[in-house]
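Examining the three-dimensional arrangement
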Amino acid sequence: MNFYGRVEHVIDKSGIKKDGTPFTATQYVVTETTPSYPQSGLFETYGDKAGTAKVGDEVDVEFNLRCDEYQGKYFGKNSAWKITVKKAAMPTESDPLAT
């Protein structure tokens, strides 16, 4: 499945596993840019699929819907396997990297 929109938030969820090894996880909140009633989606990435998208970038997210069951309760996830930046955000004057 695909979802096209602008990155509104980037949330770093990286940490340490129980066995002591580090892992990389990132969540992206992406909001559609074209419809009258834009929808937002929360997409999770792990490892090398984390990507380099930043807040303000327009991206195309390729993802799979997942549903996990734990103790009789169900939890849904949008697992992104590819995030392609289609249009990078314009740097602002307050951006320290803007030159």
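Position labels on residues start from 1 in each chain and follow its written sequence. The predicted origin of the model limits local features to residues at a pLDDT of at least 70 and limits the giving and counting of side-chain atom pairs to 80 or more, whereas totals for whole chains, interfaces and linings rest on all residues. Hydrogens and water molecules were not included; the side-chain quantities draw on all heavy atoms of the structure.

Describing the overall build of the protein chain
- Summing up its helical and strand segments, the protein chain has zero helices and seven strands in all.
- Listing every helix and strand of the protein chain by position from the N terminus yields β-β-β-β-β-β-β.
- Classification of the 99 residues of the protein chain by burial places 26% in the buried group.
- Between two residues, a contact is recorded if the distance between any of their heavy atoms is within 4.5 Å. For the protein chain, contacts bridging at least 24 residues in sequence account for 49% of all contacts bridging at least 6. Secondary structure elements are taken from DSSP: a helix is a run of H or I of four residues or more, a strand is a run of E of two residues or more, and numbering for both begins at the N terminus. Only protein chains enter the accessibility calculation, which uses a 1.4 Å probe. A residue is then buried if its area is under 20% of the maximum for its type, exposed if over 50%, and partly exposed in between.

Focus on the environment of Glu58
- Relative to the elements of secondary structure, Glu58 occurs in strand β6 (residues 58-70).
- The exposure class assigned to Glu58 is buried, which follows from its relative accessible area of 13%.
- Placed 28 residues apart in sequence, Glu58 and Val30 show a C-alpha to C-alpha distance of 8.6 Å.
- Beyond its immediate sequence surroundings of up to four residues, Glu58 is in contact with Tyr4, Gly5, Arg6, Thr33, Thr84, Val85, Lys86 and Lys87.

Remarks on unusual backbone geometry
- The phi dihedral of Gln71 falls on the positive side, at around 50 degrees, and the residue is not glycine.
- Here Gln71 shows up in the loop between β6 and β7 (73-87).
- Taking the relative accessible area as the measure of exposure, Gln71 reaches 65% and is therefore exposed.

A look at the nonpolar core
- Here, the term nonpolar core denotes a set of buried Ala, Val, Leu, Ile, Met, Phe, Trp, Tyr and Cys residues that are joined through side-chain atoms within 4.5 Å. Counting residues in hydrophobic clusters, the biggest one holds 11 residues: Phe3, Val7, Tyr28, Val30, Phe43, Ala53, Val59, Val61, Phe63, Ala80 and Ile83.
- At the level of secondary structure, the elements contributing two or more residues to this core comprise β1 (2-12), β4 (25-31), β6 and β7.
- Not counting residues within four places of it along the chain, the set of residues in contact with Val59 comprises Phe3, Tyr4, Gly5, Val7, Val30, Ala53, Ile83, Thr84, Val85 and Lys86.

Structural notes on the pairing of β4
- The element β4 is largely enclosed, with a buried count of seven among its seven residues.
- Burial along β4 is two-sided: the face carrying Ala25, Gln27, Val29 and Thr31 and the face carrying Thr26, Tyr28 and Val30 are both buried.
- Two strands are counted as paired when DSSP detects at least two bridges linking them. Where β1 meets β4, six bridges bridge the pair, whose relative direction is antiparallel. Across the sheet, Asp12 pairs through a bridge with Thr26, a residue of β4.
- The pairing of β4 with strand β5 (residues 40-46) spans seven bridges and is antiparallel. Within β5, the residue paired with Gln27 across the bridge is Glu44.

Concerning the packing of aromatic side chains
- Aromatic contacts are taken between Phe, Tyr and Trp rings whose centres are within 6.5 Å, Trp giving its six-membered ring; a plane angle under 30 degrees counts as stacked, one over 60 as edge-to-face, and the others as tilted. Scanning all chains against the criterion turns up two aromatic pairs.
- Relative to Phe43, the ring of Phe3 lies with its centre 5.3 Å away and its plane at 50 degrees, an arrangement referred to as tilted. Placement of Phe3 in strand β1 and of Phe43 in strand β5 is noted, with a sequence separation of 40 residues between them. Each member of the pair, Phe3 as well as Phe43, carries the same accessibility label: buried.
- Centroid distance Phe43 to Phe63: 5.0 Å. Interplanar angle 65 degrees. Geometry classified as edge-to-face. Taken as a pair, Phe43 in strand β5 and Phe63 in strand β6 lie far apart in primary sequence, 20 residues in all.
- The rings of Phe3, Phe43 and Phe63 are connected pair by pair, giving a single aromatic cluster.

From the geometry alone we can't say anything about function, so treat these as descriptive.
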